[in-house]
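As a plain string of letters, each chain reads:
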Amino acid sequence: MSTGSKIDSNVTGLRYAEEVIGSLGVLPGTPVWVPLEPNSYADFGGNISTIPRNPINAGRQNKKGVTSDLDASGGFNTDLTQTNIQDLMQGFMFASFRPKGEEASADATATTDLFGVTLTAGFLVGDLIFVSGFTNAANNGLHLITAIVLDTTIEVLGSTLVTEAAATATIVNVGHQFAANELIAVDGAPGSYTAATKDLTQLGLIPGEWIFVGGDTVADRFVTNAGNNGFKRVKSITANTLTVDKSDVSLVGETTASGETLQIFYGRVLKNEATPALQVCRSYQLERSLGNDGVGSFDQAEYLVGSVANEAALNISTADKITVDLSFVSTDVETVTSTAGPKTGTRPALVESDAFNTTSDFSRIRMAVLDAAEEAPTALFAFTTELTLNIQNGVTPAKAIGTLGSIGTSTSNFTVNGQLTAYFQNVTAVQAVRDNDDVTLDFTVAKANKGITVDIPLVSLGDARANVSQNEPITLPISLDAATGAKFDANMDHTLLFVFWDYLPTAAE
């Protein structure tokens with residue numbers, strides 16, 4: 001609120017727009033300014049440096065200095081929701097999503113249960129799609145593809161669609177339903193799933209990503225051995241065999257009962273890429289509106305220009321929300337007055353989404369010593385009390401004569417580290433630190449049939465000095481340093497991997 005002499009923080013807002021890739025400081029023709037919900041800011045803006053003049057003079061006084069430099073940067077803290085960091089994490093990971101299939105515009109036809117799309121690439125018969133954005137609720141939700149027609153139509157017989165003209169509706173491939181008795185579980189070292197005729201490589205899965213096995217109905221999951229269902233990490237995949245690891249329990253050989261149509265679910269994968277051709281340096285402009293000063297009809301605003309994602313921190317502690325700290329290194333700062341108005345572009349409304357909490361939204365959190373022959377390694381801890389993960393890109397500004405600010409940025413290695421505090425049970429964890437064992441860490445949060453998985457394939461542990469206090473449980477603080485998983489498995493050539501699940505069955509929660 002402005003009272004003529006001040007403007008309150010509650011009238012401010014924060015948005016970002018992605019710049020043209022490869023053109024630092026340049027916005028596309030019609031940028032999309034995506035809204036954010038910051039809890040607080042950290043060093044947002046430009047820091048001007050000046051150098052005083054200090055000539056030898058009888059008056060023993062300095063003279064007015066000159067402007068010498070500008071360092072632009074900005075950061076903010078926000079609650080973790082399903083949607084608010086997905087797009088920005090591409091910037092922090094210097095990579096792009098690996099979607100299975102996604103269409104951003106569609107129409108629906110009731111008489112034949114068809115979705116019309118621009119292109120059906122990434123969708124197969126038997127795939128499970130999650131649809132959102134239609135006005136009629138019956139068109140949204142989970143559907144099973146029964147046929148692909150002319151590369152522009154998806155048939156979902158068995159659904160009760162309502163005819164609706166082309167809309168900004170999103171169709172995302174979120175899983176696959178196998179034919180009756182097609183997929184079976186195999187007890188091995190490690191365990192796997194095999195298909196008699198289905199080519200599993202068509203699913204688009206890659207080593208290191210996670211799947212959830214089993215649907216919400218009895219006919220869509222393994223019945224005899226519940227441990228064959230649940231979250232599993234893909235270790236390798238061939239035409240007829242899907243080998244997994246990091247399961248809660250070891251797989252038990254099981255053939256689906258007559259008529260069972262097993263379902264598996266997957267999400268959109270984002271990992272730091274080892275192949276240079278797949279690495280993408282995105283840059284952004286951050287727009288912070290600063291309220292109206294009563295002179296013009298618009299809000300004043302400041303812009304961090306040419307902003308490259310530098311550091312991100314996931315903060316997880318007991319009985320709290322999960323929060324994220326994000327920071328950027330920028331090349332310049334610009335301001336606009338209340339008479340000039342904001343930069344052009346579209347400004348969509350905020351997509352409402354609940355924050356993830358650390359009490360009821362964790363489906364899984366596990367740290368274990370890696371074992372190539374065991375898909376369910378024993379967890380080092382039963383419970384943790386605190387976890388912080390830090391992503392660092394080592395972004396620094398590049399300075400040049402004749403430029404106030406920066407002409408660009410430089411980056412160093414992508415690193416991930418953190419700290420974890422767990423309840424002490426036995427000395428196994430301490431010995432794992434001493435032995436410099438190959439350790440892996442992952443966690444999944446889920447609610448309202450959506451979720452996020454974070455996986456670190458290889459971690460080195462440090463510290464592990466037991467904290468013993470009177471009348472308190474013994475805790476074990478541990479430092480974490482991640483590295484490429486290629487040491488353990490050549491196919492796990494990344495340091496960090498996210499899975500954003502557009503749909504998860506209720507069983508996953």
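Up top is the structure these notes are about.
Throughout what follows, the structure given in this document is the object of discussion. It should be emphasised that the depicted structure is a prediction, and the values quoted were computed from it without experimental measurement.

What about the pattern of salt bridges?
Going through the model one piece at a time under the given rule, you end up with 22 salt bridges. Where R465 meets D463, a salt bridge forms, and the shortest distance between an N and an O atom there is 2.8 Å. Residues joined by salt bridges that share partners form a network here, namely R233, D245, K246, D248, R364, D442 and D455.

Side note on the sheet that holds strand β11 (residues 153–155)
Spatially, five strands are ordered β10-β11-β7-β6-β12 in an open sheet, and the strand pairing comes out antiparallel. Of all the strands in the sheet, just β10 (147–149) and β12 (164–167) have a single pairing partner and so form its edges. When the angles between neighbouring strand axes are averaged without regard to direction, this sheet yields 20 degrees. Direction of pairing for strand β6 (residues 106–109) relative to β12: antiparallel, over a ladder of two bridges. Each bridged residue has a counterpart across the sheet, and for A108 the counterpart in β12 is E164.

Some points on helix α1 (residues 86–93)
Of all eight residues in α1, seven are buried; the element is thus mostly enclosed. Three or more residues of α1 are buried, namely Q86, L88, M89, Q90, G91, F92 and M93.

So, the side chain of T78
Position of T78 among the secondary structure elements: in strand β4 (residues 63–79). At 3.4 Å, the side chain of T78 and the side chain of N84 are in polar contact. The residues touching T78, leaving out its near neighbours within four places in the chain, are E37, N39, N84, T323 and V324.

Some points on the packing of aromatic side chains
Applying the stated criterion to the full structure yields 14 aromatic pairs. An angle of 80 degrees between the planes, with centres 5.9 Å apart, marks the rings of Y16 and Y284 as edge-to-face. Of the two residues, Y16 is situated in strand β1 (residues 13–18) and Y284 in strand β22 (residues 283–289); the sequence distance between them amounts to 268 residues. Residue classification places Y16 among the buried positions, given a relative accessible area of 4%. The interplanar angle of 75 degrees and the centroid separation of 5.7 Å between the aromatic rings of F231 and W501 together place this pair among those described as edge-to-face. A residue pair is termed long-range when its members are at least 10 positions apart, and F231 in strand β17 (residues 230–237) and W501 in strand β34 (residues 497–501) qualify at 270 residues. Like F231, the residue W501 is buried in the burial classification. Here the aromatic cluster, defined as three or more aromatic residues joined through ring pairs, consists of Y16, F92, Y284 and F328. Residue placement shows R268 over the ring face of F97; its charged tip is 5.9 Å from the ring centre.

What about unusual backbone geometry?
Among all residues save glycine, negative phi is the norm, and among peptide bonds the norm is trans. Put simply, A189 and P190 share a cis peptide bond, and its omega is 0 degrees. Here P190 is to be found in the loop between β14 (183–186) and β15 (192–195). Positive phi outside glycine occurs at K246, with the angle close to 55 degrees. The residue K246 is located in the loop between β18 (241–245) and β19 (254–255) in this model. A positive phi angle is found at N471, which is not glycine, with a value near 65 degrees. Tracing the sequence through the fold places N471 in the loop between β32 (450–463) and β33 (475–482). N471 gets classed as exposed once you look at its relative accessible area, which sits at 75%.

Quick notes on the side chain of N393
Looking at the secondary structure, you find N393 in the loop between β27 (384–392) and β28 (396–398). Within the structure, N393 has its side chain in polar contact with the backbone oxygen of A309 (distance 3.2 Å). Filtering out sequence-adjacent residues up to four positions away, N393 remains in contact with G91, F92, F94, A309, N310, T411, S412, N413 and F414.

Rules used throughout
- Residues numbered from 1 in each chain as written.
- Predicted model: local features only at pLDDT ≥ 70, side-chain atom pairs only at ≥ 80, totals over all residues.
- Heavy atoms only, no water.
- Salt bridge = Lys/Arg side-chain N within 4 Å of Asp/Glu carboxyl O.
- Pairing = 2+ DSSP bridges.
- Helix = DSSP H or I, 4+ residues; strand = E, 2+ residues; numbered from the N terminus.
- Axes fitted to C-alpha atoms, helices over the stretch in contact; angles between N-to-C directions.
- Buried < 20%, exposed > 50% of the residue type's maximum accessible area, 1.4 Å probe, protein only.
- Polar contact = N/O pair within 3.5 Å; in protein donor to acceptor, adjacent residues only side chain to side chain.
- Contact = heavy atoms within 4.5 Å.
- Phe/Tyr/Trp six-rings, centres within 6.5 Å; stacked < 30°, edge-to-face > 60°.
- Lys NZ or Arg CZ within 6 Å of the ring centre and 35° of its normal.

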